[in-house]
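Chain residues, written in single-letter form:
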Amino acid sequence: MRLLISIAALAVATASAPALAFEPGAYVSVDGGRASVSSKYADDSNDVALGASLGYQYTPNLGFEVYTRGLSLNPLRGAFQPAGYYPDEHYGLAVLGTANLNENFRLFGRAGIGRTKMESNRSALGSKDETDPVVGVGIGYAFNNNWSVNLEATYLTKTEVNLVSFGVRWKF
């Protein structure tokens, strides 16, 4: 019984301690989610998307990030559609503006530019790359000084990709 009370007291003390996870510092994050594309070549499909980021929180309200995303993990994407292109990979650089709500929660916005690799669904067409402006919004929750989770909605404006992702961030 004493052990349970001690564990509960430790949990309450840890939960009430300020996390301060959104202070300046470098971080790495990984995320997974769903990429949705609506075009005549991509048949309004939803694909699994995976990504990773390396960033630096310059101030509590401003950060920079280099990121990459795999947008289509479906090998048969577009096989039964007219000849054309579909977004496959995206990488870029973004500025993140953050509004810290309290020690644990934050809202953030993303604005950036990247390159989207457009794969062809026919062997006669070669792949091509598009320069793609990116905007997004999200919310983050910090467990402690190093670990946090994010939920984000991102839009690749030129290729019209909607990305919803959930990620884990580690500040080192």
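Residues numbered from 1 in each chain as written. Predicted model: local features only at pLDDT ≥ 70, side-chain atom pairs only at ≥ 80, totals over all residues. Heavy atoms only, no water.

- Taking an unreviewed UniProt entry as the reference, the protein chain is identified by name as Outer membrane beta-barrel protein belonging to Duganella lactea.
- In its Subcellular location (unreviewed entry) section, the UniProt record describing the protein chain reads: "Cell outer membrane". (UniProt positions renumbered as here; feature names shortened; annotations may be inferred.)

## Looking at the confidence of the model for the protein chain
- With 71% of its residues at a pLDDT of 70 or more, the protein chain has an overall mean of 80.
- Looking across the protein chain, the model is least confident in helix H1 (residues 2-16), with a mean pLDDT of 45, and most confident in strand S7 (residues 147-156), with 95.
- Contacts from residues 3-19, a stretch scored under 50 in pLDDT, to residues over four places away or in other chains number 7 contacts. (pLDDT = per-residue confidence, 0-100. Helix = DSSP H or I, 4+ residues; strand = E, 2+ residues; numbered from the N terminus. Contact = heavy atoms within 4.5 Å.)

## Here's the deal with the nonpolar core
- Judged by nonpolar contacts, the single largest core of 13 residues is most densely connected at Ala35, Leu71, Leu96, Leu156 and Val161.
- Broken down by element, this core gets its largest block of residues, 3 residues, from strand S1 (residues 25-37).
- Ignoring sequence-local partners within four residues, the contact set of leucine 156 consists of Leu71, His90, Thr116, Asp132, Pro133, Val134 and Val161. (Core = buried A, V, L, I, M, F, W, Y, C linked by side-chain atoms within 4.5 Å. Buried < 20%, exposed > 50% of the residue type's maximum accessible area, 1.4 Å probe, protein only.)

## Let's talk about the pattern of salt bridges
- In this structure the tally under the stated criterion is 4 salt bridges.
- With a shortest N-O distance of 3.5 Å, aspartate 31 and arginine 69 are connected by a salt bridge. Residue aspartate 31 is located in strand S1, and its partner arginine 69 is located in strand S3 (residues 62-70); the two are separated by 38 residues in the primary sequence. Note on accessibility: aspartate 31 and arginine 69 belong to one class, buried.
- One continuous salt-bridge network, built from bridges that share partners, spans Glu65, Arg110 and Glu152. (Salt bridge = Lys/Arg side-chain N within 4 Å of Asp/Glu carboxyl O.)

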